[in-house]
Protein chains: 2
Amino acid sequence: MDRSEDDVRVRLRQAALALFGERGYERTTAAEIAARVGVTERTFFRHFPDKREVLFDGEAVLRTALTAAIAEAPGALGPLATLFWSFRSIHPLLENNRPYSEPRHALIARTPALYERELAKTAALTDALADALQLRGVADLPAALAARTGMAAFVHAVIAWLEDPEPSLGERLEQTFAETVALVAEAGP
Amino acid sequence: MDRSEDDVRVRLRQAALALFGERGYERTTAAEIAARVGVTERTFFRHFPDKREVLFDGEAVLRTALTAAIAEAPGALGPLATLFWSFRSIHPLLENNRPYSEPRHALIARTPALYERELAKTAALTDALADALQLRGVADLPAALAARTGMAAFVHAVIAWLEDPEPSLGERLEQTFAETVALVAEAGP
DNA sequence: CCTCCTGTTGTCAGTGACTGACATCGACGC
DNA sequence: GCGTCGATGTCAGTCACTGACAACAGGAGG
């Protein structure tokens, strides 16, 4: 209906983020988001399977970047070292994205329904990491365990960085990796 | 309406589990669950804030057991060792619960909406573990990281055991802890 | 230029998860 | 017997989603 049909999807995403920021997620309806873009509620749900998903469109980017990094990691590295290497290699991507991801994180953190969805995306990403490790020859269960352990560290670092940019993400990652190693070493014997 | 008002809540939970098992989660309505127990849909939603929650009533038990165990763990243990000790100490509780938790897990695993809620519960549990560690004097961020890392191992072991009882949960836990230590040691230097 | 095809959108009706407001009813203390 | 309180029923309403069908645009082929 409006000019520039270029990408209704993109405009829906922007409108949703704006409205969620203004009134909060719960108090904005899908119809309102659609109206701001000049389309129908029905059209909204043709572009996104549900109202939450409008905020999680970029997830695929991170997944492909990470699985690609895992595939390209030096062959000598073990499973967890591979993951650490991959997290390091994509951190510029996240740093550049901060202007978008930081307010988004604040919104998600204060909205239970969105937080649940975020956890689901993280779980899916964890599975993707495990699959990527298997492609490198790591066995089934060890790959899953390594993926879980690696993601624990990665998420810890990213969240700490989103809530306080003080140490850069790169530093946060290094420190978290080191801390993980120390933590587990002390629990070993 | 029916005899034995003893605990509508318990009967709702049982009816829900039965119906979900028969028809699947998506194709059973809250009204049907309520009807089977002889109450109104409205009553269902007075006992459970939403339809998913009916399956996650026992979560508090696990949380209290684990936080109590953390408080009682030997003082000399470091953060992660404390968690491992606590997981070990409650594994009989889970073993006894298997007849209930195994079909429940199967249902959750094949129902995205329920899987999301399970992840949220696990995240809440992780936070509780972090808090319990802080009560032992562990600092803020290290406690959070240890909780995430420990939960990664714990969840890995429990899920593997739920999907195949072959090695007992106790054995799964020991093996997972050892595997985690090995995994991280190799990624350290 | 007409036509057919395909992809995107609008329209409409319907289901089901929840919520607030208010009435009811039985147990219980007094 | 009476007032109170907690659990429940009733009813109306909102909102997330879905299926079915019509409308309409632009592009391909004649």
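Residues numbered from 1 in each chain as written. Chains lettered and ligands numbered in written order. Predicted model: local features only at pLDDT ≥ 70, side-chain atom pairs only at ≥ 80, totals over all residues. Heavy atoms only, no water.

Participant: How would you sum up the side chain of B:His156? Please name residues and give values.
Facilitator: Secondary-structure assignment places B:His156 in helix H7 (residues 140–163). On the basis of relative accessibility, which here comes to 7%, the residue B:His156 falls in the buried class. Once residues within four sequence positions are removed from consideration, B:His156 is found in contact with A:Leu141, A:Ala144, A:Leu145, A:Arg148, B:Met151 and B:Thr176. (Helix = DSSP H or I, 4+ residues; strand = E, 2+ residues; numbered from the N terminus. Buried < 20%, exposed > 50% of the residue type's maximum accessible area, 1.4 Å probe, protein only. Contact = heavy atoms within 4.5 Å.)

Participant: Break down the side chain of B:Thr28 for me, with residues and values.
Facilitator: Relative to the helices and strands, B:Thr28 resides in the loop between helix H1 (8–23) and helix H2 (30–37). The exposure class assigned to B:Thr28 is buried, which follows from its relative accessible area of 0%.

Participant: So what's going on with the protein's contact with DNA strand C? Residues and values would help.
Facilitator: Close to DNA strand C lie 18 residues; A:Thr40, A:Thr43, A:Arg46, B:Arg42 and B:Lys51 are nearest. Considering the 4 Å shell around the protein, atoms of DNA strand C inside it are sugar or phosphate in 51% of instances. In the model, a base nitrogen of DNA strand C is placed 2.5 Å from a nitrogen or oxygen of the A:Arg46 side chain. A distance of 2.6 Å separates a phosphate oxygen of DNA strand C from a polar atom in the backbone of B:Lys51. For the surface near DNA strand C, the secondary structure elements donating two or more residues are helix H3 (41–47) of chain A together with helix H3 (41–47) of chain B. Ranked by residues supplied to the surface near DNA strand C, first place goes to H3(A) with four residues. Here the surface near DNA strand C is composed, by residue class, of six nonpolar, six polar and six charged. (Near = heavy atom within 4 Å. Polar contact = N/O pair within 3.5 Å; in protein donor to acceptor, adjacent residues only side chain to side chain. Nonpolar A, V, L, I, M, F, W, Y, C, P; charged D, E, K, R; others polar.)

Participant: Please provide a residue-by-residue account of the relation of the copies chain B and chain A, values included.
Facilitator: Two copies of a chain can be linked by a rotation about an axis combined with a shift along that same axis. At an RMSD of 0.1 Å, chain B and chain A line up after a rotation of 180° and a shift of 0.0 Å along the axis. Each copy turns onto its partner about a two-fold axis. (Least-squares fit on C-alpha atoms with pLDDT ≥ 70 in both.)

Participant: Got a sec to walk through the environment of A:Pro165? Specific residues and values, please.
Facilitator: All names here are of chain A. Position of Pro165 relative to the elements: it lies in the loop between helix H7 (140–163) and helix H8 (169–187). You can call Pro165 partly exposed: its relative accessible area is 46%. As for Pro165 and Arg98, which are separated by 67 residues in sequence, their C-alpha atoms are 9.4 Å apart.

Participant: Lay out the interface of chain B and chain A in plain terms, naming residues and giving numbers.
Facilitator: Chain B puts 34 residues into the contact, and the matching count from chain A is 34 residues. Contact between chain B and chain A buries roughly 3000 Å² in total, counting both sides, with carbon and sulfur atoms accounting for 71%. A salt bridge links A:Glu116 to B:Arg117; the shortest N-O distance between them is 2.7 Å. Applying the counting rule to chain B against chain A returns six residue pairs in polar contact (both at pLDDT 80 or more). (Buried area = accessible area lost by both parts, 1.4 Å probe. Salt bridge = Lys/Arg side-chain N within 4 Å of Asp/Glu carboxyl O.)

Participant: Explain the protein's contact with DNA strand D to me, and be specific about the residues and the numbers.
Facilitator: Within the structure, DNA strand D sits among 18 residues, and A:Arg42, A:Lys51, B:Thr43, B:Arg46 and B:His47 are positioned closest to it. Sugar and phosphate atoms constitute 50% of the interface atoms of DNA strand D, taking the interface as everything within 4 Å of the protein. A:Ala30 is positioned such that a nitrogen or oxygen atom in its backbone is 3.3 Å from a phosphate oxygen of DNA strand D. Within the side chain of B:Thr40, an N or O atom sits 2.9 Å from a phosphate oxygen of DNA strand D. When residues of the surface near DNA strand D are traced back to their parent elements, those giving at least two are H3 of chain A together with H3 of chain B. Element by element, the count of residues in the surface near DNA strand D is highest for H3(B), at four residues. Of the residues contributing to the surface near DNA strand D, the split by class is six nonpolar, six polar and six charged.

Participant: Got a sec to walk through the domain arrangement of chain A? Specific residues and values, please.
Facilitator: All names here are of chain A. What the domain assignment lists for chain A is domain 1 (5–54) and domain 2 (58–187). Each partner contributes residues to the interface: domain 1 has nine residues there, and domain 2 has nine residues. Together, the buried faces of domain 1 and domain 2 total about 870 Å²; carbon and sulfur atoms form 57% of this surface. It is Leu17, Tyr25 and Arg52 that lose the most area in domain 1 upon contact with domain 2, and together they represent 56% of the buried surface on that side. Linking domain 1 to domain 2 there are three salt bridges. For the pair domain 1 and domain 2, the number of links is three residue pairs in polar contact (both at pLDDT 80 or more). Class assignment of the residues belonging to the side of domain 1 that touches domain 2 gives a composition of three nonpolar, one polar and five charged. (Domains from an automatic or database assignment.)

Participant: Describe the packing of helix H4 (residues 59–72) of chain B against helix H6 (residues 112–135) of chain B, with residues and values.
Facilitator: Residues and elements named next belong to chain B. One can describe the packing of H4 onto H6 by two numbers: an axis separation of 9 Å at closest approach and a directional angle of 20°. What the angle tells us is that H4 and H6 run roughly parallel. The handedness of the crossing between H4 and H6 comes out as right-handed. Taken together, the residues of H6 that come into contact with H4 (itself represented by Glu59, Leu62, Arg63, Leu66, Thr67 and Ile70) are Lys121, Ala124, Leu125, Ala128, Leu129, Ala132 and Leu133. (Axes fitted to C-alpha atoms, helices over the stretch in contact; angles between N-to-C directions. Parallel < 35°, antiparallel > 145°, perpendicular 65-115°, else oblique. Left-handed = near helix turned anticlockwise from the far one by under 90°.)

Participant: Run through H7(A), naming residues and quoting values.
Facilitator: Structural remark: α-helix, 3.6 residues per turn; residues separated by three or four positions point the same way. With 24 residues, H7(A) should reach 34 Å at 1.5 Å per residue; the first-to-last C-alpha distance of 34 Å fits that figure. In terms of burial, H7(A) is largely enclosed, as 17 of its 24 residues are buried. (Expected span 1.5 Å × (residues − 1).)

Participant: Summarise the packing of aromatic side chains; cite the residues concerned and give the values.
Facilitator: Applying the stated criterion to the full structure yields 12 aromatic pairs over all chains. Judged by centre distance (3.8 Å) and plane angle (10°), the rings of A:Phe84 and A:Phe177 are stacked. Here A:Phe84 is found in helix H5 (residues 79–109), whereas its partner A:Phe177 is found in helix H8, with 93 residues between them in sequence. For the pair A:Phe84 and A:Phe177, a shared accessibility class is recorded, and that class is buried. With centroids separated by 4.2 Å and ring planes inclined at 10°, the aromatic side chains of B:Phe87 and B:Phe154 adopt a geometry described as stacked. A residue pair is termed long-range when its members are at least 10 positions apart, and B:Phe87 in helix H5 (residues 79–109) and B:Phe154 in helix H7 qualify at 67 residues. Each of the two residues, B:Phe87 as well as B:Phe154, counts as buried. Members of the aromatic cluster, each reached through a chain of ring pairs, are A:Phe84, A:Phe87, A:Phe154 and A:Phe177. (Phe/Tyr/Trp six-rings, centres within 6.5 Å; stacked < 30°, edge-to-face > 60°.)

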